Amino acid sequence: MPRYPSIPESEVTPRELFEARRGFLRASVALGAVAASPGLFWPRSSHAWQGLLEQRLATELPSRDLASGEAPTAHGDVTTYNNFYEFGTGKRDPETFSHQLVTDPWSLTIEGEIDKPGTFPLEDVLSGQTLEERLYRLRCVEAWSMVIPWVGFPLADLLKRHQPTSRARYVVFESIHDPDNLRGQRRAILDWPYREVLRIDEAMHPLTLLAVGLYGETLPNQNGAPIRLVVPWKYGFKSIKSIVRIALVEKRPLTSWEERNPEEYGFYANVNPAVEHPRWSQARERRIGENGRRETLMFNGYAEEVAHLYAGMDLQRHY
Amino acid sequence: MKHHAPIYVFRLLVLMACSMPAGWLAWQWFCGNLGAVPSEAVVHVTGRVGLSLLMVTLAFSPAFRFTGWVGFMVARRQIGLWAFFWLLAHMLAWMGLDQYWDWPWIRREMIELPYIRYGVAALLLLAPLAVTSFGRVRRAMGWTAWHWLHRLVYVAAGLGVTHFWILTRADYLWPSLYAGALAVLVLLRLYDASAHRC
């Protein structure tokens, strides 16, 4: 079976054009390096990560299939059927409006209960991290699912670098807040900015990924560019997009959805076909691109890897 | 009864306005413009059109009272039947396109998800209204009984708005607009009842 769904001939970039683009990229990177090296012309943080990341994505990356050999969902569906309320609540709103998101320059603030806090340009966050491709299932709380080839690195690798203190019990994530450009944030549908929280052991779990790429390319804006969380055993809303701030804390704040509707959206939000939801039956799911329904798997099929994190907990209560 | 030309034109406009979304939907499906999950788009569009037409149906009586133009009363049954048609299509689209006629699951979702119960209840209330909307049945029933029965349309509209309200995940703009419109229509009806004692 082919690795990805086949692409019609008409959509394949002609070789000359591809090579011209590569040449342009190399030239741009070289030019960028010259410009950035003495730090004389402009601050280092501007327009730096995109070219560097593209260069790394163009090389052969290690690839892991963590979706039991299931075929990836079509690229066209992954990039046009999105929940990203910063751009509107319609499934196509993110694709339509996310060009308004400015992703380069981008910096990430890492603070709280860690020894090395600060605000870092994205290129510094990415440098030294080993990128790999991972094929994950994604299960939305709205009872649909996809199989997605992300590119990223374990969140644990970033956290370890900044050395959490012994008081760090939870990791708080915040998305970008920019109502001028993000039209969805002009209305108080949620208490912006979007906020998510993981327990520290969930955050340090090797499956918890910070994704910067999709289908071998940098993340499209509608999928949470330039850097997003992917927690494959939890409902999709836990996998926060376009992250600008990560804080390690002792006491956890409410997540955005918990604050909005605590009966429906628990803190853990582990995929669990046995916990009913008033809006969507969670026992089954629609795999985008397929007809019919599939049975939803406990922990979205990652029980072997993550069930021990919740040993002894009543998951009907801690949903 | 002899109708004036404007009434025929109005009825024709109602016919066009109520049937057009069906053609549009079919064309968009054919062109592949309904997104990653076309069946979901069909369920949403049929529901929206149906609920909107139900509101418009309720608005025709006050429109007649305010303007005195008989065209609204002549076209009221027509548009009411269109509303029923769209809401029936909405339920069938959910059962067929979304649930693939999987009856055990349809039953289970009805039990598990309250908004589905409200929606089905609304349609069950509307069914006898559609059946008794024809002249011969109406005359056989007698005016008073018919009138009482057809007041159920307000209950059905309330259930429909409730259905839309509770299935909405975060953005209550549209459900609020429907709820507001229904509140105004109910108040107009009550005002009219108190003014005319009927």
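Everything numeric here is computed off the predicted structure, so don't read it as measured data.

Draft legend 1. Summary view of helix 8 (residues 152–167) of chain B. Taking 1.5 Å of rise per residue, 16 residues should cover 22 Å, and helix 8 of chain B covers 23 Å from first to last C-alpha, within 8% of that figure. Here helix 8 of chain B has its buried residues at B:Val153, B:Tyr154, B:Ala156, B:Ala157, B:Leu159, B:Gly160, B:Val161, B:His163 and B:Phe164.

Draft legend 2. View of the interface of chain B and chain A. On the side of chain A, 30 residues touch chain B, which itself brings 26 residues to the contact. Both faces considered, chain B and chain A share a buried interface measuring about 2200 Å² in area, 44% of it formed by carbon and sulfur atoms. Between the two partners, chain B and chain A, sit five salt bridges. Of the charged contacts in the structure, one is a salt bridge between A:Arg286 and B:Asp98, with a shortest N-O distance of 2.7 Å. At the surface where chain B touches chain A, the tally comes to 14 residue pairs in polar contact (both at pLDDT 80 or more). When residues of the side of chain B that touches chain A are traced back to their parent elements, those giving at least two are helix 2 (38–67), helix 4 (103–112), helix 5 (114–131) and helix 8 of chain B. Here the side of chain B that touches chain A takes four residues from helix 4 of chain B, the largest share from any one element. Here the side of chain B that touches chain A is composed, by residue class, of 13 nonpolar, five polar and eight charged.

Draft legend 3. Molecular detail of the pattern of salt bridges. Residues and elements named next belong to chain A. For the coordinates displayed, the defined rule picks out 27 salt bridges over all chains. With a shortest N-O distance of 2.4 Å, Arg287 and Glu70 are connected by a salt bridge. Remark: Glu70 occurs in the loop between strand 1 (63–65) and helix 3 (75–78) and Arg287 occurs in strand 12 (residues 284–287); sequence separation between them is 217 residues. Here the two residues Arg287 and Glu70 agree in accessibility, since each one is buried. The salt bridge partner of Glu259 is Arg195, with a shortest N-O separation of 3.6 Å. With Glu259 in helix 8 (residues 256–260) and Arg195 in strand 7 (residues 195–199), this residue pair connects regions lying 64 residues apart in the sequence. With relative accessibility at 36%, the residue Glu259 sits in the partly exposed group. A residue is classified by how much of its surface remains accessible, and Arg195, at 15% relative accessible area, is buried.

Draft legend 4. Highlighting the pairing of strand 3 (residues 118–121) of chain A. Residues and elements named next belong to chain A. Bridge count between strand 2 (residues 107–112) and strand 3: four bridges; the pairing is antiparallel. When the bridges of strand 3 are listed, Leu108 appears paired with Phe120. The hairpin formed by strand 2 and strand 3 contains five residues between the paired strands.

About the thresholds
Throughout this document, residue positions are counted from 1 along each chain, in the order its sequence is written. The naming scheme follows written order: chains are lettered A onward, ligands numbered 1 onward. In view of the model being predicted, local features appear only for residues whose pLDDT reaches at least 70, and side-chain atom pairs are presented and counted only at 80 or more, with totals across whole chains, interfaces and linings using the full set of residues. Water and hydrogen atoms play no part in the side-chain values, which are based on all heavy atoms of the structure. Helix and strand definitions here come from DSSP, where helices need a minimum of 4 consecutive H or I residues and strands a minimum of 2 consecutive E residues; each element is numbered from the N-terminal end. By this rule, a helix spans an expected 1.5 Å times one less than how many residues it contains. Only protein chains enter the accessibility calculation, which uses a 1.4 Å probe; a residue is then buried when its area is under 20% of its type maximum, exposed when over 50%, and partly exposed in between. When checking whether two residues touch, look at their non-hydrogen atoms; a contact exists if any pair is within 4.5 Å. Two parts placed together each lose some accessible area; with a 1.4 Å probe, that loss summed over both constitutes the buried area. Salt bridge, as used here: a side-chain nitrogen of Lys or Arg that lies within 4 Å of a carboxyl oxygen of Asp or Glu. Any N or O atom pair separated by 3.5 Å or less is treated as a polar contact, with the protein-specific requirement of one donor-capable and one acceptor-capable atom, and with residues adjacent in sequence counted only for side-chain atom pairs. Just so you know the grouping, Ala, Val, Leu, Ile, Met, Phe, Trp, Tyr, Cys and Pro go in nonpolar, Asp, Glu, Lys and Arg go in charged, and all remaining residues, Gly too, go in polar. Think of it this way: DSSP has to see at least two bridges between two strands before they count as a pair.

Everything listed is a geometric property; what it means functionally is a separate question.
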